[in-house]
Amino acid sequence: MDDPLILVGTSDGIRALGSDLPTMPAGKRVDHVVATGSGVWAIIDGSTLWFDPGAGPGSPLAQLDGARANCVMVAGERTMVGASEASLFELADGALRRLESFDATPGRDDWYTPWGGPPDVRSMAAGAGGELYVNVHVGGVVRSTDGGNSWVDTMDIHADVHEVIADPAHPGSAFAATARGLAETTDAGAEWTFSTHGLHAPYCRAVAVTEDHVFLSASAGSSGRQAALYRRRREGGAFEKCGAGLPEWFSTNLNTFCLAADHGLVVAGDEDGTVFRSTDQGTTWGIAAQGLPGVRCLAIVTR
């Protein structure tokens, strides 16, 4: 098996580290990139759903009008796009159609943002047991267990969730980076527990998981002061700050989508255009790329 391919979504296209593939799509801002068995999906310039089934360069699949596209989720045969004003769309017949069932989520009227604007769908994840998770900022984590026909809010919305991921190996297991530390569930969101033990501050923006560890970015707040990367054993215990090749403090938050993991490989990217890589589950780190346009998202493709 070839080494995994690291896809780096930037303010100027997707860079494929470890490959001679050209930048794709060049000159476009990449807001989110996801690698699946069918290919690579991306949100481009907040409006275009883009797809590459093979080795590039890919092409646009659908355009979102009247809302800003933030993220994409592929769940089996379904592809969904999360957008501004807490809206959810599904790809159908070459178009993105609003999912009205999400608009009917109980408690939706309580969703908000600290600055007074409308809330967003910020991240999404498909669980190994078929459950779907949608992170509303600010609105907690909303879950569906019936394929998106109905939704319930599973968490105190004031936890201020910035990213939700599902554990690919364990049905019902999911993690969220929140302003209150790491949130985790083993029962598909029926109950969440929060952990900050070992963190220097509880404000967290990104989360990823390997076979043995959970990785979490944390800082002193939304401005990114004293931003650092931590890891913790999956079964619990205290977080430990990752070092050995990383800066003592990052200049800004390691943001949503800027942390990715697959088996023993972990990658982290920052707004300064540097991508850090660990091949030993975060024990030691090296620079995989630097001098890139600002990193906005990462994905790992196993080849």
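So, here's what we can say about the structure.

### Description of the sheet that holds strand β7 (residues 69–75)
So, point 1. The 4 strands lie next to each other as β7-β8-β9-β10, forming an open sheet whose pairing is antiparallel. Sheet topology places β7 and β10 (95–98) at the edges, where each strand pairs with a single neighbour. Adjacent strand axes in the sheet meet at a mean angle of 30° when their direction is disregarded.
So, point 2. Where β7 meets strand β8 (residues 78–83), 6 bridges bridge the pair, whose relative direction is antiparallel. Its bridge partner lying in β8, Ala69 is registered against Ala83.

### Side note on the nonpolar core
When a protein is soluble and globular, its nonpolar side chains tend to lie buried together.
So, point 1. Within the largest apolar cluster, 32 residues are counted, with the highest numbers of intra-cluster contacts made by Leu7, Phe102 and Val134.
So, point 2. Of all the elements in the fold, those that place two or more residues in this core are β1 (5–10), β2 (13–17), β3 (30–36), β4 (39–44), β7, β11 (120–126), β12 (132–137) and β27 (295–301).
So, point 3. Setting aside anything within four residues of it in sequence, one finds Phe102 in contact with Ala86, Leu88, Arg108, Trp111, Val121, Val134, Val136, Val142 and Trp151.

### Observations regarding the side chain of Thr185
So, point 1. Mapped onto the secondary structure, Thr185 falls in strand β17 (residues 181–185).
So, point 2. Thr185 gets classed as buried once you look at its relative accessible area, which sits at 2%.
So, point 3. Beyond its immediate sequence surroundings of up to four residues, Thr185 is in contact with Gly172, Ser173, Ala174, Ala190, Glu191 and Trp192.

### Topic: the pattern of salt bridges
So, point 1. Going through the model one piece at a time under the given rule, you end up with 12 salt bridges.
So, point 2. The shortest N-O distance in the salt bridge between Arg234 and Asp167 comes to 2.2 Å. On the criterion of sequence distance, the pair formed by Arg234 in the loop between β21 (228–233) and β22 (240–241) and Asp167 in the loop between β15 (161–166) and β16 (174–178) is long-range, its members being 67 residues apart.
So, point 3. Linked by salt bridges that have partners in common, Arg29, Asp31 and Arg296 make up one network.

### Structural notes on the packing of aromatic side chains
So, point 1. Inspection of the entire model under this criterion finds 4 aromatic pairs.
So, point 2. For the ring pair Phe102 and Trp151, a centre distance of 5.2 Å and an interplane angle of 90° mean the geometry is edge-to-face. Of the two residues, Phe102 sits in helix α1 (residues 100–103) while Trp151 sits in the loop between β13 (140–144) and β14 (152–153), which places them 49 residues apart along the sequence.
So, point 3. Overall, the relative accessible area of 4% leaves Trp151 in the buried class.
So, point 4. Counting every residue linked through ring pairs, the aromatic cluster contains Phe102, Trp111 and Trp151.
So, point 5. Over the face of the ring belonging to Trp249 we find Lys241, whose NZ or CZ atom lies 3.6 Å from the ring centre.

### Remarks on unusual backbone geometry
A negative phi angle is the norm for most residues apart from glycine, just as the trans form is the norm for most peptide bonds.
So, point 1. A cis amide bond, omega -20°, links Met24 with the succeeding residue Pro25.
So, point 2. With respect to the helices and strands, Pro25 occurs in the loop between β2 and β3.
So, point 3. Here the phi dihedral of Glu85 falls at roughly 55°; this positive angle occurs in a residue that is not glycine.
So, point 4. Its place among the elements puts Glu85 in the loop between β8 and β9 (87–92).
So, point 5. Non-glycine residue Ala244 carries a positive phi angle of around 45°.
So, point 6. Within the element layout of this structure, Ala244 appears in the loop between β22 and β23 (259–262).

### Some remarks on the sheet that holds β11
So, point 1. Strands sit in the order β11-β12-β13-β14 across an open sheet of 4 strands; the sheet is antiparallel. Every interior strand has two partners, whereas the edge strands, β11 and β14, have only one.
So, point 2. Pairing of β12 with β13, which is carried by 5 bridges, proceeds in the antiparallel orientation. Across the sheet, Asn135 pairs through a bridge with Val141, a residue of β13.

### Describing the side chain of Thr10
So, point 1. Within the fold, Thr10 resides in strand β1.
So, point 2. Side-chain polar atoms of Thr10 contact the backbone nitrogen of Asp12, separated by 2.8 Å.
So, point 3. Among all residues touching Thr10, those that are not within four sequence positions of it are Arg15, Lys28, Arg29, Val30, Pro293, Gly294 and Arg296.

### Description of the pairing of β8
So, point 1. When you tally the buried positions in β8, you get 5 out of 6 residues, the bulk of the element.
So, point 2. Once β7 ends, the chain turns through 2 residues before running back antiparallel as β8, passing Gly76 with a positive phi of about 65°.
So, point 3. Where β8 meets β9, 4 bridges bridge the pair, whose relative direction is antiparallel. Looking at β9, one finds that Gly82 is bridged to Leu88.
So, point 4. Once β8 ends, the chain turns through 3 residues before running back antiparallel as β9, passing Glu85 with a positive phi of about 55°.

Calculation notes
Residues numbered from 1 in each chain as written. Predicted model: local features only at pLDDT ≥ 70, side-chain atom pairs only at ≥ 80, totals over all residues. Heavy atoms only, no water. Pairing = 2+ DSSP bridges. Helix = DSSP H or I, 4+ residues; strand = E, 2+ residues; numbered from the N terminus. Axes fitted to C-alpha atoms, helices over the stretch in contact; angles between N-to-C directions. Core = buried A, V, L, I, M, F, W, Y, C linked by side-chain atoms within 4.5 Å. Buried < 20%, exposed > 50% of the residue type's maximum accessible area, 1.4 Å probe, protein only. Contact = heavy atoms within 4.5 Å. Salt bridge = Lys/Arg side-chain N within 4 Å of Asp/Glu carboxyl O. Phe/Tyr/Trp six-rings, centres within 6.5 Å; stacked < 30°, edge-to-face > 60°. Lys NZ or Arg CZ within 6 Å of the ring centre and 35° of its normal. Polar contact = N/O pair within 3.5 Å; in protein donor to acceptor, adjacent residues only side chain to side chain.

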